[in-house]
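# Analysis of the macromolecular model
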Amino acid sequence: MSRIVVHGLEKSYGDARVLERVNVTAEAGEFLSLVGASGCGKSTFLRILLGQEQQSSGVVIVGDGPIVPEPTPQRGIVFQRYSVFPHLTAIQNLLLVEDFRSGGPFGRVFGARRRNARQEAEAMLARVGLAHARDLYPASLSGGMLQRLAIAQTLLGRPQILLLDEPFGALDPGIRVEMHDLLTELWTEHGMTVVMVTHDIGEAFKLGTRVLVFDKVRHDPQFPSAYGATITYDLKLDRKTRASSHHLAKVAAMVGTTRPETAMATTAS
Amino acid sequence: MLAKEMSARDEVSETGGEGTARPSPPRPKVRLRMINAKVSRGSALFFGGLPFLFVAIAYLAASAQRLAVNPSDKLLPSPVQMWSAFLDLATVPDKRSGDLILWVDTYASLIRLFAGVGVATFAALSLGIAIGFIPRVRAFLLPFVTVVCVIPPLALLPILFIALGLGETAKITLIAVGVAPVMVRDIANRVRELPPELVAKAQTLGGNSWTMVLRLVLPQVMPRLITCVRLALGPAWLFLIAAEAIASTEGLGYRIFLVRRYLSMDVILPYVAWITLLAVITDWLLVRLSRAVSPWAHPVEAR
Ligand SMILES: Nc1ncnc2c1ncn2[C@@H]1O[C@H](COP(=O)(O)OP(=O)(O)O)[C@@H](O)[C@H]1O
Ligand SMILES: [Mg+2]
């Protein structure tokens with residue numbers, strides 16, 4: 001629902017440069033899959049889009065103007081861990097969204113507004129298949145259920161952009177396929193722009209409309225952290241490229257982790 | 001195959017004794033590491049009680065020995081003597097004032113203790129959250145709190161008595177000043193340790209600083225706050241008894257130091273036991289409170 005423009009972005013921690021010369025434009029409604037070797041700065045890039053951290057230099061435009069340098073409801077996030085509030089039950093986690101939105105002095109909505117919020121929360125809970133877990137605390141939910149709840153909570157915030165940092169990285173393969181279906185459906189229903197970091201190349205090809213590879217192009221053997229990663233490969237996916245084992249193998253070789261055959265199987269699932 | 005089964009059955013009938021209908025499942029006999037050996041409920045009770053039993057027996061033996069030599073010995077009174085002295089204080093009105101001394105002392109001390117710890121708890125909650133959550137407040141107050149933390153509170157006692165008089169205010173202030181700084185720092189640290197993911201997520205859901213304090217920070221630090229109070233009660237009792245010993249007209253600490261002049265161990269020992277009992281009950285109540293307020297932080301343990 002909102003476009004993202006990143007131009008000349010650079011990010012350093014002290015002397016260590018993590019990202020450099022990152023340029024990318026995502027149209028509204030696109031689904032970007034970000035892949036790259038572990039530690040190359042994908043999460044950092046996502047945290048900058050979230051507003052949790054600021055770029056060292058460069059321009060980031062989200063929607064109509066420069067990015068607000070703090071997290072806002074414009075951008076929703078699902079992390080791999082710590083994605084829901086452990087002190088609230090499943091339904092309370094969803095009700096919290098309306099309470100936060102109201103911003104009142106009690107941090108809570110009352111009366112008709114609360115009843116509406118409850119209805120919406122119950123519907124969302126059923127939508128992600130957690131109606132039976134309504135009154136459970138996150139500590140007693142499985143990994144898959146936690147991520148369902150996290151996605152539901154984030155969507156209730158009605159973000160224009162959904163950021164996902166390895167959201168399914170800790171899940172079993174079977175559960176992962178279920179989550180892929182759920183995410184694809186929700187993305188079709190809500191039509192928001194999605195940026196997803198994943199280490200699973202099959203997942204990147206299966207879900208994304210575009211795959212971006214982060215990698216270092218410059219190396220200094222004396223001082224490995226002198227140069228940062230940038231986007232080295234930007235592939236628009238249509239039905240042909242998605243099914244092409246050639247592209248998949250190429251990306252897999254760049255990232256250098258996943259075996260192409262397993263990735264192929266994931267994409268087909 | 002058959003032979004194996006036969007021999008297995010033989011073993012069972014050997015260990016299980018003749019006539020037992022259902023042999024218990026064979027358990028491999030392995031010596032576990034010390035850290036893995038489980039303690040059953042019964043033996044936990046037994047071993048937990050042993051030190052108490054040991055101290056009691058040692059006391060009774062020593063007391064009986066001294067009393068046998070000198071029946072008017074005051075140093076190690078017998079349980080009967082202690083009980084009657086305690087009962088006197090609890091049920092017989094004092095000749096001069098007409099008060100039931102034990103209850104007057106207990107009431108006075110508990111009011112001071114809870115007032116002091118209450119003030120400290122409130123400070124820990126408000127200042128701790130502000131320091132932990134808001135960078136500007138942290139820059140403003142953290143150095144000060146850190147310095148205050150290392151002042152020995154008992155060194156402040158004369159100052160408090162001079163500045164605030166010998167009344168209740170000085171004693172309550174001593175307790176509050178004695179335990180609050182550590183509590184404030186602990187809560188501030190706990191707030192800073194909140195996963196940044198949770199704080200970021202709350203902001204993406206539209207939380208502002210105040211609603212995040214109410215709905216995220218406060219419930220998250222509640223279990224830690226109660227633990228803090230439990231830990232603070234130890235020093236709080238110390239400061240209470242010190243303050244009462246120096247300037248007071250009633251209170252548990254006052255009484256102990258008063259009767260010390262007459263070597264009244266038959267009062268002092270029951271009073272110490274009474275203070276211990278009060279402390280144990282308070283602690284137990286706080287644990288229950290934590291379970292009631294933050295059920296999520298106390299998942300049911302698998303049995
Ligand atoms: N707050 C930080 N301070 C210093 N270095 C950091 C910080 N956050 C990340 N880094 C460094 O930035 C690099 C990229 O990290 P990250 O974005 O988490 O990688 P990825 O998500 O691609 O695995 C890592 O080398 C990491 O050590
Ligand atoms: Mg990462």
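Residues numbered from 1 in each chain as written. Chains lettered and ligands numbered in written order. Predicted model: local features only at pLDDT ≥ 70, side-chain atom pairs only at ≥ 80, totals over all residues. Heavy atoms only, no water.

All names here are of chain A. Scanning the entire structure with this criterion turns up seven aromatic pairs over all chains. With a centroid separation of 5.3 Å and an interplanar angle of 50°, the aromatic rings of Phe-45 and Phe-214 are classed as tilted. One end of the pair, Phe-45, is in helix 1 (residues 42-50); the other, Phe-214, is in strand 9 (residues 210-216), with 169 residues separating them in the sequence. Accessibility assignment for this pair places Phe-45 and Phe-214 in one class, buried. The interplanar angle of 80° and the centroid separation of 6.1 Å between the aromatic rings of Phe-106 and Phe-110 together place this pair among those described as edge-to-face. (Phe/Tyr/Trp six-rings, centres within 6.5 Å; stacked < 30°, edge-to-face > 60°. Helix = DSSP H or I, 4+ residues; strand = E, 2+ residues; numbered from the N terminus. Buried < 20%, exposed > 50% of the residue type's maximum accessible area, 1.4 Å probe, protein only.)

What follows is about the nonpolar core. Counting 101 residues, the largest nonpolar core has Phe85(A), Leu94(A), Leu149(A), Leu183(A), Met183(B), Trp237(B) and Tyr271(B) as the members making the most contacts within it. The biggest single contributor to this core is helix 9 (residues 209-246) of chain B, with 16 residues. Per-domain counts for this core show at least three residues from each of domain 1 (4-74 + 159-268) and domain 2 (85-158) of chain A. Every residue in contact with Tyr271(B), bar those within four places of it in the chain, is listed here: Leu89(B), Ile101(B), Leu102(B), Asp105(B), Leu252(B), Arg255(B) and Ile256(B). Membership of the second largest hydrophobic core comes to 30 residues, among which are Leu32(A), Val60(A), Leu212(A) and Ala229(A). (Core = buried A, V, L, I, M, F, W, Y, C linked by side-chain atoms within 4.5 Å. Domains from an automatic or database assignment. Contact = heavy atoms within 4.5 Å.)

The next subject is the packing of helix 5 (residues 135-149) of chain B against helix 7 (residues 168-192) of chain B. Residue and element names in this part refer to chain B. In the contact formed by helix 5 and helix 7, the axes pass within 9 Å of each other and the chain directions differ by 135°. By the angle between their directions, the pair helix 5 and helix 7 is classed as oblique. The two elements helix 5 and helix 7 meet at a crossing, and its hand is left-handed. Along its contact with helix 5, which presents Arg-138, Val-145, Thr-146, Val-148 and Cys-149, the element helix 7 presents Pro-181, Val-182, Val-184, Arg-185 and Arg-192. Here the residues of the contact of helix 5 with helix 7 are counted per class, giving six nonpolar, one polar and three charged. (Axes fitted to C-alpha atoms, helices over the stretch in contact; angles between N-to-C directions. Parallel < 35°, antiparallel > 145°, perpendicular 65-115°, else oblique. Left-handed = near helix turned anticlockwise from the far one by under 90°. Nonpolar A, V, L, I, M, F, W, Y, C, P; charged D, E, K, R; others polar.)

Moving on to helix 1 of chain A. All names here are of chain A. Buried residues dominate helix 1, accounting for seven of its nine residues. The set of residues buried in helix 1 consists of Lys-42, Thr-44, Phe-45, Leu-46, Ile-48, Leu-49 and Leu-50. Downstream of helix 1 by one or two residues, Gly-51 has phi in the positive range, about 95°.

All names here are of chain A. Residues in contact with ligand 1, as listed here, are Tyr-13, Val-18, Ser-38, Gly-39, Cys-40, Gly-41, Lys-42, Ser-43, Thr-44 and Arg-47. A distance of 3.0 Å is found between an oxygen atom of ligand 1 and a backbone nitrogen or oxygen belonging to Gly-41. Here an oxygen atom of ligand 1 sits 2.5 Å away from a polar atom, N or O, in the side chain of Thr-44. Relative to its unbound accessible area of 560 Å², ligand 1 is 57% covered by the protein chains. At four residues, helix 1 tops the list of elements feeding residues into the shell around ligand 1. A breakdown of the residues in the shell around ligand 1 according to their chemical character gives three nonpolar, five polar and two charged. (Near = heavy atom within 4 Å. Polar contact = N/O pair within 3.5 Å; in protein donor to acceptor, adjacent residues only side chain to side chain. Areas by Shrake-Rupley, 256 points an atom, 1.4 Å probe, with all protein chains shown as cover.)

With that settled, consider the interface of chain B and chain A. Taken residue by residue, the interface counts 23 residues in chain B and 34 residues in chain A. Of the roughly 2,400 Å² buried where chain B meets chain A, counting both sides, 67% is carbon and sulfur surface. Among the residues chain B hides against chain A, the three largest losses belong to Lys201(B), Leu205(B) and Arg215(B). Together they make up 33% of the total. The interface formed by chain B and chain A includes one salt bridge. For the salt bridge of Arg215(B) with Asp99(A), the shortest nitrogen-to-oxygen distance reads 2.6 Å. Inspection of the region where chain B meets chain A yields nine residue pairs in polar contact (both at pLDDT 80 or more). (Buried area = accessible area lost by both parts, 1.4 Å probe. Salt bridge = Lys/Arg side-chain N within 4 Å of Asp/Glu carboxyl O.)

A few words now on the domain arrangement of chain A. Residues and elements named next belong to chain A. The domain boundaries assigned to chain A delineate domain 1 (4-74 + 159-268) and domain 2 (85-158). Distance between the C-alpha centres of domain 1 and domain 2: 27 Å. If you look at the interface, domain 1 gives 16 residues, while domain 2 gives eleven residues. Both sides of the domain 1 and domain 2 interface together cover about 1,200 Å² of buried area, and 69% of this is carbon and sulfur. At the boundary of domain 1 with domain 2, the tally comes to three salt bridges.

Now for unusual backbone geometry. Residue and element names in this part refer to chain A. Even without being glycine, Arg-21 reaches a positive phi, approximately 45°. With respect to the element layout, Arg-21 can be found in strand 2 (residues 16-26). Given a relative accessible area of 49%, Arg-21 falls into the partly exposed group. Positive phi, normally seen in glycine, also occurs at Arg-158, with a value near 50°.

This part covers the packing of helix 4 (residues 101-133) of chain B against helix 5 of chain B. Residues and elements named next belong to chain B. Viewed as axis vectors pointing N to C, helix 4 and helix 5 meet at an angle of 120°, and their least axial separation amounts to 6 Å. As the angle between them shows, helix 4 and helix 5 are arranged oblique. Crossing hand, helix 4 versus helix 5: left-handed. The residues of helix 5 that touch helix 4, namely those facing Leu-127, Ala-130, Ile-131, Gly-132 and Phe-133, are Pro-135, Val-137, Arg-138, Leu-141, Leu-142 and Val-145. Residues of the contact of helix 4 with helix 5, tallied by class, amount to nine nonpolar, one polar and one charged.

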